[in-house]
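Below, each chain spelled out in residue letters.
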Amino acid sequence: MTQHGEMALAPVKVPQGEGEARWWFGALAEIKATAADTGGLMSIVEVTEPPGSEAPLHVHHRDDEGFWVLEGEVTFQVGDTTIEAAAGDYVFGPRDIPHRFTVGERGCRMLFILVPGGIEDVIRATSEPAAARTLPPGPAHEPSAEEIEQIKAIVKEHGYELLI
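### As for the overall build of the protein chain
A count of helices and strands for the protein chain gives 2 helices and 10 strands. Along the protein chain, from the amino end to the carboxyl end, the secondary structure elements read β-β-β-β-β-β-β-β-α-β-α-β. Dimensions of the protein chain along its principal axes, counting C-alpha atoms only, are 50 × 30 × 30 Å. Here the analysis covers contacts within the protein chain between residues at least 6 apart in sequence; of these, 70% occur between residues at least 24 apart. Accessible area for the protein chain stands at about 9200 Å²; split by element, carbon and sulfur atoms hold 56% of it.

Right, dumping it as structure tokens:
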């Protein structure tokens, strides 16, 4: 307990190649920091995307999102602004601003940094445990209209909106 009566947070280390691994819409998502780890303050997810993949236009109503590109190139659309980003670049997407991204021809690896935490709940609800720390096998599954409506309902429960 702290002097103000809150539970004190414990130090956490997640070594490279560890963290909960999920196959998430054709990507590998490795959950590195959760709301539970950080007292709700943030979540960090390492995401590996295949070449040419696209995140659909969506809005976060409960958190701000940062993207730190570790490998590859990504084009972000945040509101009316287009941002070309490459390894080492950081991009910020404020809450309530629609955004999406398109991955370059070599694929990419980036960190999603969300404040406050909690995105891991959406990832778990819309993904499956990864059998290996690789991209999912085979071509990405194109969701049916019915599956898209189910995904929209799931993400809405968590403060997100899919705009497709």
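### Topic: the packing of aromatic side chains
Centre-to-centre distance and the angle between the planes together describe a pair of aromatic rings. Per the counting criterion, the structure on display carries 7 aromatic pairs. Aromatic side chains Trp24 and Phe25 sit 6.1 Å apart centroid to centroid with 45° between the ring planes, which places their arrangement in the tilted category. Each ring, one from Phe67 and one from Phe101, has its centre 6.2 Å from the other, and the planes form 70°; the classification is edge-to-face. Here the residue Phe67 occupies a position in strand E5 (residues 64-78), and Phe101 occupies one in strand E8 (residues 99-115), the gap between them amounting to 34 residues. Each of the two residues, Phe67 as well as Phe101, counts as buried. Connected via pairs of aromatic rings, a cluster forms that spans Trp24, Phe25, Phe67, Phe76, Phe101 and Phe112.

### Quick word on unusual backbone geometry
The peptide bond linking Val115 to Pro116 adopts the cis configuration, its omega dihedral lying at -5°. As for its position among the elements, Pro116 is in the loop between E8 and helix H1 (119-125). A positive phi angle, close to 50°, is found at Phe25, a residue other than glycine. Among the structural elements, Phe25 can be located in the loop between strand E1 (20-24) and strand E2 (27-33).

### Section: the pattern of salt bridges
Evaluation of the coordinates by the stated rule reveals 11 salt bridges. Between Arg95 and Asp64 there is a salt bridge whose closest N-O contact spans 3.1 Å. With a gap of 31 residues between them, Arg95 in the loop between strand E7 (90-93) and E8 and Asp64 in strand E5 connect regions that are remote in the sequence. Across the pair Glu73 and Arg106 runs a salt bridge whose closest N-O atoms are separated by 3.8 Å. On the criterion of sequence distance, the pair formed by Glu73 in strand E5 and Arg106 in strand E8 is long-range, its members being 33 residues apart. Judged by relative accessible area, Glu73 falls into the partly exposed class, the value being 43%. Using a relative accessible area of 63% as the deciding quantity, one classes Arg106 as exposed.

### Remarks on the side chain of Thr126
Inspection of the secondary structure puts Thr126 in the loop between H1 and strand E9 (128-129). Among the polar contacts made by the side chain of Thr126, one reaches the main-chain carbonyl oxygen of Val122 at a distance of 2.7 Å. For Thr126, the residues in contact, after removing those within four places along its chain, are Trp24, Phe25, Ile154 and Val155.

### Looking at the pairing of E2
Walk down a regular strand and you will see the side chains alternate between the two sheet faces. Counting buried residues in E2 gives 7 out of 7 residues, a clear majority hidden from the surface. Where E1 meets E2, 5 bridges bridge the pair, whose relative direction is antiparallel. When the sheet's bridge partners are listed, Ala21 is paired in E2 with Glu30. Hairpin connection, E1 to E2: the antiparallel pair is bridged by 2 residues, and Phe25 has positive phi, about 50°. For E2 and strand E3 (residues 43-49), the ladder comprises 5 bridges, and the chain directions are antiparallel.

Rules used in this analysis
- Residues numbered from 1 in each chain as written.
- Predicted model: local features only at pLDDT ≥ 70, side-chain atom pairs only at ≥ 80, totals over all residues.
- Heavy atoms only, no water.
- Helix = DSSP H or I, 4+ residues; strand = E, 2+ residues; numbered from the N terminus.
- Contact = heavy atoms within 4.5 Å.
- Areas by Shrake-Rupley, 256 points an atom, 1.4 Å probe, with all protein chains shown as cover.
- Phe/Tyr/Trp six-rings, centres within 6.5 Å; stacked < 30°, edge-to-face > 60°.
- Buried < 20%, exposed > 50% of the residue type's maximum accessible area, 1.4 Å probe, protein only.
- Salt bridge = Lys/Arg side-chain N within 4 Å of Asp/Glu carboxyl O.
- Polar contact = N/O pair within 3.5 Å; in protein donor to acceptor, adjacent residues only side chain to side chain.
- Pairing = 2+ DSSP bridges.

Taken by themselves, the reported measurements are silent on function.
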